[in-house]
Amino acid sequence: MARSGTSALTRVVSLCGGTLPAGMVGGFVGNPAGYWEPRKAVRLNETILRRHGSAGYDPSLRLQEDGALDAEARAACIAKIRRYLSTLPAAPLVVIKEPQITALSDMWFEAARHAGFDVAAAIAVRHPQEVVESFGQRRPGNPKALSGALWLRYSLLAERGTRGLPRVFVEYANLLEDWRREVKRISAALPFDLAPPRESGAIEEFLKPGLQHQRNCGPVTELFGTDWISSAYQTLGAAARDEPLDVSVLDHIFEAYRVYETDFRSVFADFRRLQKLDRFSRPSLTGAVLEILAMAHGRKGTWA
């Protein structure tokens, strides 16, 4: 999930032996240390999402529905991703971070395998309140409910999409507290060895505490009248401490979110359809029609 420490995690892994693609997204006011995600991957994912009625800030699960992409469209997406992957550096370990991959992970992983890569995942976890507040700081006026829904959606998809793969969960706060410990955890969980640089000053400088603008270790604020967010965070946070991952909890949350999200999506679609129809109906015309009906009923009874 964006704002979950993915930039910090990616850069630390790259400084410990991972190779980054060329053409990174550089630093901005909200993240002066840089995002460490390939510009071409960002454009590729945005194109795929928009072409199929979604976007990076889409809280729905529309692309995870059966038949969301037919076989031809899916094959075309995989082919585009594979063409991009063919441009990556020849290295034992290549690191790609782009949060929107989470919504398209099945196609990215299939394309990677076709391109001859083995796939492993490092999943960043961060306190939901920190993510919500970080979004609000970066995008003033961004509704907290939307930010919370995005945290939940991306967190659930990141876990579901990597089942069966070598993977590790890394809490952002833990990485800042002791990056050497987290690097050892990553190496132990994934099929490669990370080697911290002899001079660790680059990592120490990169992980400066002052760049963490949001800190929250308190209880999670629920936004939907359920315990979905707190339960998901507790479950993923436990995995980031190397405790057993209870996927049944995450499955229950995913199914509940999927049902409610689909129902509300349908309601909003109906509202927009009716809103478009209302554009052709002026208040003055509506009033005239009602008066004609009243006259037809002699302005009597319920029409009096």
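Refer to the structure above for everything that follows.
A.B. asks: Whenever I open this one, the pattern of salt bridges confuses me. Can you help?
C.D. replies: Pairs may arise between side chains of opposite charge once their charged atoms sit close together. With the rule as written, the count across this model stands at 18 salt bridges. The partner of Asp-58 in a salt bridge is Arg-62, and the shortest N-O contact between them spans 3.0 Å. Taking relative accessible area as the criterion, Asp-58 reaches 9% and is therefore assigned buried. A relative accessible area of 26% places Arg-62 in the partly exposed class. Residue Arg-74 pairs with Asp-106 through a salt bridge whose shortest N-O separation is 2.9 Å.

A.B. asks: Could you clarify how one ought to interpret the side chain of Thr-10 in this entry?
C.D. replies: Along the chain, Thr-10 falls in helix 1 (residues 6–15). Sequence-distant contacts of Thr-10, defined by excluding residues within four places in its chain, comprise Leu-20, Trp-36, Val-95 and Lys-97.

A.B. asks: Looking at this model, I keep getting lost on the nonpolar core. Mind explaining?
C.D. replies: When a protein is soluble and globular, its nonpolar side chains tend to lie buried together. One finds Met-1, Trp-151, Leu-152 and Phe-169 to be the most contacted residues of the largest nonpolar core, which totals 30 residues. Put simply, the parts of the chain that give this core at least two residues each are strand 1 (121–125), helix 5 (128–138), helix 6 (144–161), helix 10 (228–239) and helix 11 (247–278). Among the elements that take part in this core, helix 6 stands out by supplying eight residues, more than any other. Among all residues touching Leu-152, those that are not within four sequence positions of it are Trp-228, Ile-229, Ala-232, Ile-253 and Tyr-257.

A.B. asks: Explanation requested: the environment of Phe-169 in the structure shown.
C.D. replies: Here Phe-169 is to be found in strand 2 (residues 167–171). Those residues in contact with Phe-169, other than ones at most four positions away along the chain, are Ile-123, Val-125, Glu-159, Arg-185, Leu-236, Ala-239, Ala-240 and Leu-245.

A.B. asks: Before we go on, may I ask you to explain helix 4 (residues 105–114) in this structure?
C.D. replies: Given 3.6 residues per turn, any residue in an α-helix points the same way as the ones three and four places further on. Residues of helix 4 that are buried include every one of Ser-105, Met-107, Trp-108, Phe-109, Ala-111 and Ala-112, and no others. Its buried side turned inward, helix 4 meets helix 2 (39–51), helix 3 (71–85) and helix 6. Two residues or fewer past helix 4, Gly-116 is found with a positive phi of approximately 95°.

A.B. asks: Just to check I follow, could you spell out the side chain of Ser-187 for this structure?
C.D. replies: Along the chain, Ser-187 falls in helix 8 (residues 179–189). Once you skip the residues sitting within four places of it in the chain, Ser-187 turns out to touch Phe-192, Asp-193 and Leu-194.

A.B. asks: Looking at this model, I keep getting lost on the pairing of strand 1. Mind explaining?
C.D. replies: Consecutive side chains along a regular strand alternate between the two faces of the sheet. A large share of strand 1 lies buried, amounting to four of its five residues. Taken together, the five bridges between strand 1 and strand 2 define a ladder with parallel strand orientation. Bridged to Ala-122 within strand 2 is Val-168.

Calculation rules
Residues numbered from 1 in each chain as written. Predicted model: local features only at pLDDT ≥ 70, side-chain atom pairs only at ≥ 80, totals over all residues. Heavy atoms only, no water. Salt bridge = Lys/Arg side-chain N within 4 Å of Asp/Glu carboxyl O. Buried < 20%, exposed > 50% of the residue type's maximum accessible area, 1.4 Å probe, protein only. Helix = DSSP H or I, 4+ residues; strand = E, 2+ residues; numbered from the N terminus. Contact = heavy atoms within 4.5 Å. Core = buried A, V, L, I, M, F, W, Y, C linked by side-chain atoms within 4.5 Å. Pairing = 2+ DSSP bridges.

As far as function goes, none of this settles anything; it's purely spatial.
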